[in-house]
Amino acid sequence: MQSGPASQASAGSNPATRWIVAAVVIGLVLRIWEAAASSLWLDELHTLSHASLPTLSAVIAHVKAEVVHQPLFFGFVHLFGGWEEGAALRAIPVLSSLVLFVPVFAFARTAGGGARTAALACFLLACLPYGVHYSTELRPYAWLSLFSAGASWAAFSERDSKLLRVVVFALCVAAGVLTHRAMELVVVSIGFARLFVKSREMVPLWGLIAAGAVAVLPEVPWLLDYAAKATSDRFEYQETVGGFHLRPALVKEALVLPSRLFAPVLGALGPGWALVAKGAAAVFFLLLAGLGGAWWRTRRGAEPTSAPLRGLYLYGLTCFVITFALSFYRWDRLPLQYFATVAWILPIAVAQLAERWPERSRRTLVGLLGAAALALGIAQAGGREMEDMRSAVAVARETGAKLERPLYSALLVQPSLFEHTLPYQAYARDLERVEPVSLPAPGTPGFERPVVVLRRGRIPLGADDAWDPIATGRRVLSETRVDEYLAVYVFVPEGTETR
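Residues numbered from 1 in each chain as written. Predicted model: local features only at pLDDT ≥ 70, side-chain atom pairs only at ≥ 80, totals over all residues. Heavy atoms only, no water.

Enquirer: Explain the packing of helix H11 (residues 183-196) against helix H16 (residues 307-331) here, please?
Expert: To describe two helices that pack against each other, one gives the angle between their axes and the distance between the axes. Remark: H11 packs on H16, axes separated minimally by 8 Å, with the N-to-C direction vectors making an angle of 135°. Comparing the axis directions of H11 and H16 gives the class oblique. H16 is crossed by H11, and the crossing has right-handed handedness. The residues of H16 that touch H11, namely those facing Leu-185, Val-186, Val-188, Ser-189, Ile-190, Phe-192, Ala-193 and Phe-196, are Gly-311, Leu-314, Tyr-315, Thr-318, Cys-319, Ile-322, Thr-323 and Leu-326. Residue composition of the contact of H11 with H16, grouped by class: twelve nonpolar, four polar and no charged. (Axes fitted to C-alpha atoms, helices over the stretch in contact; angles between N-to-C directions. Helix = DSSP H or I, 4+ residues; strand = E, 2+ residues; numbered from the N terminus. Parallel < 35°, antiparallel > 145°, perpendicular 65-115°, else oblique. Left-handed = near helix turned anticlockwise from the far one by under 90°. Contact = heavy atoms within 4.5 Å. Nonpolar A, V, L, I, M, F, W, Y, C, P; charged D, E, K, R; others polar.)

Enquirer: Please explain unusual backbone geometry as it appears in this structure.
Expert: Across the chain, the bulk of peptide bonds are trans and the bulk of non-glycine residues have phi less than zero. Unusually for a residue other than glycine, Val-67 sits at a positive phi of about 75°. Positive phi, normally seen in glycine, also occurs at Arg-405, with a value near 50°. Here Arg-405 is to be found in the loop between helix H20 (389-400) and strand S1 (407-412).

Enquirer: Where do I start with the nonpolar core in this structure?
Expert: One recurring pattern in soluble globular proteins is that nonpolar side chains are buried together. Phe-169, Val-173, Phe-284, Tyr-315, Trp-344, Tyr-424 and Leu-454 are the most contacted members of the largest nonpolar core, which totals 130 residues. Examining the composition of this core, we find that eleven residues originate from one element, helix H7 (residues 115-127), more than from any other. Residue contacts for Leu-454: discarding those within four places in its chain leaves Met-389, Ala-392, Val-393, Ser-409, Ala-410, Leu-411, Leu-412, Pro-423, Tyr-424, Leu-486 and Ala-487. If you look at the next biggest cluster of nonpolar residues, it comprises twelve residues, including Leu-439, Ile-459, Ile-470 and Tyr-489. (Core = buried A, V, L, I, M, F, W, Y, C linked by side-chain atoms within 4.5 Å. Buried < 20%, exposed > 50% of the residue type's maximum accessible area, 1.4 Å probe, protein only.)

Enquirer: Help me out: how do you make sense of the sheet that holds strand S4 (residues 486-493) in this one?
Expert: Two pairing modes exist for strands in a sheet, parallel and antiparallel, and in both the strands are linked by backbone hydrogen bonds. If you walk across this open sheet you meet the four strands as S1-S2-S4-S3, and the pairing is mixed. Where the open sheet ends on each side, the last strands, each with one partner, are S1 and strand S3 (474-481). When strand polarity is set aside, the average angle formed by the axes of neighbouring strands in this sheet is 25°. Across six bridges, the pairing between strand S2 (residues 451-456) and S4 is antiparallel. Bridging from a neighbouring strand, Arg-455 pairs with Ala-487 of S4. Contacting S1, S2, S3 and S4, H20 runs over the sheet at an angle of about 25° to S4. (Pairing = 2+ DSSP bridges.)

Enquirer: Would you mind showing me how to read the confidence of the model for the protein here?
Expert: Do not read the predicted coordinates in detail wherever pLDDT is low. Residue-level pLDDT values for the protein average 92, and 97% of them are 70 or greater. Below a pLDDT of 50 lies the segment residues 1-12, which in the model reaches 17 contacts outside its immediate sequence neighbourhood of four places, other chains included. (pLDDT = per-residue confidence, 0-100.)

Enquirer: What am I meant to see in the packing of aromatic side chains here?
Expert: The full count for this structure, using the stated rule, is 24 aromatic pairs. Taking the centre distance of 4.6 Å and the plane angle of 45° together, the rings of Tyr-130 and Tyr-134 count as tilted. Linking Tyr-130 with Tyr-134, this pair stays in helix H8 (residues 129-134), spanning four residues, or about one helical turn. Ring geometry for Tyr-141 and Tyr-338: centres 6.4 Å apart, planes at 75°, overall edge-to-face. Placement of Tyr-141 in helix H9 (residues 141-156) and of Tyr-338 in the loop between H16 and helix H17 (340-343) is noted, with a sequence separation of 197 residues between them. The two residues Tyr-141 and Tyr-338 agree in class, both being buried. Among the aromatic side chains, those forming a connected cluster through ring pairs are Phe-73, Phe-74, Phe-76, Phe-80, Trp-143 and Phe-147. Sitting over the face of the ring of Trp-222, Arg-181 holds its NZ or CZ atom 3.6 Å from the ring centroid. (Phe/Tyr/Trp six-rings, centres within 6.5 Å; stacked < 30°, edge-to-face > 60°. Lys NZ or Arg CZ within 6 Å of the ring centre and 35° of its normal.)

Enquirer: Where do I start with the side chain of Glu-44 in this structure?
Expert: Structurally, Glu-44 can be placed in helix H2 (residues 42-51). Glu-44 has contacts with Ser-39, Arg-90, Thr-136, Glu-137, Leu-138 and Arg-139, leaving out every residue within four places of it along the chain.

Enquirer: Just to check I follow, could you spell out helix H18 (residues 346-355) for this structure?
Expert: Side chains of residues three or four places apart in an α-helix project in the same direction, reflecting 3.6 residues per turn. The element H18 is extensively covered by neighbouring structure, given that seven of its ten residues are classed as buried. Restricting attention to buried positions, one finds in H18 the residues Pro-347, Ile-348, Val-350, Ala-351, Gln-352, Ala-354 and Glu-355. Buried-residue contacts for H18 involve helix H6 (101-108), H7, helix H15 (271-298), H16, H17 and helix H19 (359-382).

Enquirer: Would you mind showing me how to read the pattern of salt bridges here?
Expert: For side chains bearing opposite charge, pairing can occur when the charged atoms are close. Throughout the structure, instances matching the rule amount to 14 salt bridges. As a salt-bridge pair, Glu-219 and Arg-181 come within 2.9 Å of each other at their nearest N and O atoms. Here Glu-219 is found in the loop between helix H12 (205-216) and helix H13 (220-240), whereas its partner Arg-181 is found in the loop between helix H10 (162-179) and H11, with 38 residues between them in sequence. Among the residues examined, Glu-219 registers a relative accessible area of 12% and is labelled buried. We classify Arg-181 as buried; its relative accessible area is 12%. Note that Arg-362 is salt-bridged to Glu-359, the shortest N-O span being 2.6 Å. Of the two residues, Arg-362 and Glu-359 are both situated in helix H19; the distance of three residues between them amounts to about one turn of the helix. Members of the salt-bridge network, linked through shared partners, are Arg-116, Glu-355, Glu-359 and Arg-362. (Salt bridge = Lys/Arg side-chain N within 4 Å of Asp/Glu carboxyl O.)

Enquirer: So what exactly am I meant to see when it comes to a nonpolar patch on the surface here?
Expert: A cluster of nonpolar residues, Phe-244, Leu-246, Val-251, Leu-255 and Val-256, forms a patch on the protein surface that exposes about 470 Å² of accessible area. Mapping Leu-246 onto the fold places it in the loop between H13 and helix H14 (248-260). (Patch = residues over 30% accessible without salt bridge, like charges linked within 9 Å, V, L, I, M, F, W, Y side chains within 5 Å. Areas by Shrake-Rupley, 256 points an atom, 1.4 Å probe, with all protein chains shown as cover.)

What follows is the structure, encoded as structure tokens:
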């Protein structure tokens, strides 16, 4: 393993190797902890809904009917189980995320400190909450990170055979495009970066274009149709709100986005863990600001950044800007998961900044930085999730146990492709669950039975037609808030006396 100057390699390679191994172990522990402790949320229930279909062809057809997603990840999950296995299937993204350490190490060791810098980058990758969370979620984002990192390594690396790098690039692009269409933004961003970062040791740009075209070109017709639909939807939305409006909430979301690529949530982790996370975040970002200031002061006299890292950073900036712009244009919000294509670069950038810190106090600074990152990771793994579907179903069960022969239903903000009663499929398959449209109507057998309804999302009761099959002829007996997103209602026929 080449680790920079010989003196640095001999003095630091063995400790660095031990820290890299420790980083992988710590990263695995944090990811297993979060996977075991946290509830599945709605999108993960959608993954299980796809995966639980009887055949792989049915999975592919179901995913394609959702329009915006690709089938590779969901088909792979299908091979290992469905509703019965539930949250245990999170082992797939967790184990896949460990492979991400390989390209992160490969990029970081080209910085000034060699293996020492790579060790810090790997430790930050292991601990920072964005990586912990999206490496655990039963969605395609761990794969999207991995394939974008693999394609970036193949495009910007100056090591190993060019044939190997072309093959890796082609495989990562093909697998990435079949995993998530955001991979197409990765390919465009890599191509743009390679226009400005050139090296005889890198794979020629024409080679990358040829290797990626086979996977990307078939997606062009869909992209054109999707762009047309996004444009028409955008204009319709602006008409409904009286023209273009920049929402204050979106401005706030944009301002905090860079920090959320390190730590997606802080205050929502629960009283104790939130305090730990906020304190660790304050230390981490203060140190990061100090590193940025030190870099600015010494930038003229510092050694030039290696070509692979210059290419990587230009790719990251380009992909971030494109993802930001398209998210704003399409949804008028900035979904964090779509930045999985670039968030994995941040540990590398922070580790390189730390290498620019004065030698006399670098060890202390790196120790504080690592301790803050570890505290953030522990708080993320141990803290409360923002959407606790498991607790909501438990509340529904407990509420229904006090009623006579209740029916269980749900009303979720989600695509019409999915059933509303998915939470019971995951956590209470023994309960008698009924889709809202199938609930007994007034005057039909069973209408007298109370209905326990789990609601997910902001669906105003009485002001949204989605409630009609549930509320027609019935009144609300009780409402129990579970968290910001979830609540449990009890409906009984109008005129029923409260006991």
